[in-house]
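Each chain, written out:
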Amino acid sequence: MPSAVPRYRPYERRMPLLWWLQRWNYTWFILRELSSAFVAWWVVVTLIQIASILEGPQAYAAFQAWMAQPLLIIVNIVSFIFILFHTLSWFRLVPQAMLPRIGGKRTSAVMTGAPMYVVWAVASVVVACFALGVF
Amino acid sequence: MADKITLEVARYSPEQDGEPRFDRYEVPLIENWMVLDALNYIKDQLDGTVTFRWSCRMGICGSCGMVVNGHERLTCETLLADYLPGPIRVEPLRHFPVMRDLVVDLSDFMEKLERVKPWIIRQPGAPEPSREFIQTPEQLAEYKQYSLCINCVLCYSACPVYGLDPHFIGPAASALSLRYNLDSRDQGAEQRLDVMAQHDGVWDCTVIGECSVVCPKHVDPSLAIQEYKISATKAWFKNLLMPGGGK
Ligand code: FES
């Protein structure tokens, strides 16, 4: 028997195009995803660098000249900022994603996060020493 | 302190409106009044047609969740005075279809919740204890945080992944699923993993983390989903190395 009561359709909403500007957490996420492109760029540059080193001093000099162009310097500065952001955002994420157990007890967010920053700082100092010719 | 505050309440009547609209109401600003008290004042004194859900008025039943000035809140524990001088914009939770005014259709969440089997599962033939199950405080601590979920679905409203892909199993269902996996009495982890490890399961989550930010009970569904990803990966490797065996 058909029902006498009409059935009304609920109102379906769509996500606004700029949803990722609504909250800081959303924007952070989009920037984090975007930063992957700069990480990829850095990988490409490193591969080209290694290839030119293997080719010999002339090729490496050409690589250095290529890198010295103003446009590439700007691109690399922007990439550096994004890669820094990428690293920090993933460090920030790890305690949000897992709290491993040590001796049966769950570690705190600080205990999970801190070692990564320590390793990062030590690695940066070692690399800086190489770059500055300390070793 | 002002003695009145304005509420802009999202209204939608499926019989008449094509689009929701906002109606403005002025309510007395009484100390310790919550947004829910103001809505009840509107319904009792100003406009009996305003429709919304509520029950316990103490942050337990999880039915009064709405979006207040753009953020998911349990309206029974959201002080009016925190939004001075106003106006306060009250909208239905995001992503769910609006049935009327501030009431959303939760069928999709209910279906997902059932799919993850949020109850204690015992293997057929598993020995039944002769008395109640004994649990140590440590065993309780394992799942207690997740058991505090009140199904208010603020987390679904805050999750853009769910908004973009409604098939995603979502935060609360994942947290409740893990709650039973972590229970020492439960033996159903594998059954739940079958649901959770599917494409529409935990893998859709991109770790935005807003679900855990808005949770009024500090359940941390985001952590639950990431833990599930780890178990799903472990199970996959186990199956790869020891197909069919090594359970
Ligand atoms: S009325 Fe029950 S949680 Fe708000």
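Residues numbered from 1 in each chain as written. Chains lettered and ligands numbered in written order. Predicted model: local features only at pLDDT ≥ 70, side-chain atom pairs only at ≥ 80, totals over all residues. Heavy atoms only, no water.

Chemist: An account of the environment of A68(A) is needed here, citing residue identities and associated values.
Modeler: As for its position among the elements, A68(A) is in the loop between α2 (57-67) and α3 (70-97). In this structure, the C-alpha to C-alpha distance between A68(A) and A97(A), residues 29 residues apart in sequence, is 40 Å. (Helix = DSSP H or I, 4+ residues; strand = E, 2+ residues; numbered from the N terminus.)

Chemist: Can you explain the domain arrangement of chain B? Please cite residues and give values.
Modeler: Residues and elements named next belong to chain B. The domain architecture assigned to chain B consists of domain 1 (4-104) and domain 2 (107-246). The distance between the C-alpha centroids of domain 1 and domain 2 comes to 31 Å. With 15 residues of domain 1 at the contact, the number on the domain 2 side is 16 residues. Contact between domain 1 and domain 2 buries roughly 1100 Å² in total, counting both sides, with carbon and sulfur atoms accounting for 64%. Between the two partners, domain 1 and domain 2, sit 5 residue pairs in polar contact (both at pLDDT 80 or more). (Domains from an automatic or database assignment. Contact = heavy atoms within 4.5 Å. Buried area = accessible area lost by both parts, 1.4 Å probe. Polar contact = N/O pair within 3.5 Å; in protein donor to acceptor, adjacent residues only side chain to side chain.)

Chemist: Can you explain the packing of α3(A) against helix α9 (residues 221-241) of chain B? Please cite residues and give values.
Modeler: The angle between the axes and the distance between the axes are what describe a pair of packed helices. For the pair α3(A) and α9(B), the least separation of the axes is 8 Å and the interaxial angle reads 85 degrees. Judged on the interaxial angle alone, α9(B) and α3(A) are roughly perpendicular. Facing P95(A), Q96(A) and A97(A) of α3(A), the residues of α9(B) in contact are S222(B), L223(B), Q226(B) and E227(B). A class-by-class count of the residues in the contact of α3(A) with α9(B) yields 3 nonpolar, 3 polar and 1 charged. (Axes fitted to C-alpha atoms, helices over the stretch in contact; angles between N-to-C directions. Parallel < 35°, antiparallel > 145°, perpendicular 65-115°, else oblique. Nonpolar A, V, L, I, M, F, W, Y, C, P; charged D, E, K, R; others polar.)

Chemist: Go over the sheet that holds strand β5 (residues 88-91) of chain B, please, and point to the residues and values.
Modeler: All names here are of chain B. Spatially, 5 strands are ordered β2-β1-β5-β3-β4 in an open sheet, and the strand pairing comes out mixed. The open sheet has two free edges, formed respectively by β2 (21-28) and β4 (71-74), since each of these has just one partner strand. Adjacent strand axes in the sheet meet at a mean angle of 35 degrees when their direction is disregarded. Summarising the sheet, strand β1 (residues 4-11) and β5 pair through 3 bridges and their orientation is parallel. Bridging from a neighbouring strand, L7 pairs with I88 of β5. On top of the sheet, helix α1 (residues 35-46) reaches β1, β2, β3 (65-68) and β5; it is set at about 95 degrees to β2, its chief contact. (Pairing = 2+ DSSP bridges.)

Chemist: Give a description of the interface of chain B and chain A that names residues and reports values.
Modeler: With 36 residues of chain B at the interface, the matching set in chain A holds 22 residues. Between chain B and chain A, a total of about 2400 Å² is buried, with carbon and sulfur atoms accounting for 54% of that surface. Together, V207(B), I208(B) and L223(B) form the three largest contributors to the area buried by chain B at its contact with chain A, with a combined 20%. Among the ionic pairs, R23(A) bridges to E72(B), the shortest N-O distance being 2.9 Å. For the interface between chain B and chain A, the tally reads 12 residue pairs in polar contact (both at pLDDT 80 or more). Where the side of chain B that touches chain A is concerned, the elements lending two or more residues are β4, β6 (98-100), α5 (160-164), α8 (210-214) and α9 of chain B. Here the element with the most residues in the side of chain B that touches chain A is α9(B); it accounts for 5 residues. Taken together, the residues of the side of chain B that touches chain A break down into 20 nonpolar, 9 polar and 7 charged. (Salt bridge = Lys/Arg side-chain N within 4 Å of Asp/Glu carboxyl O.)

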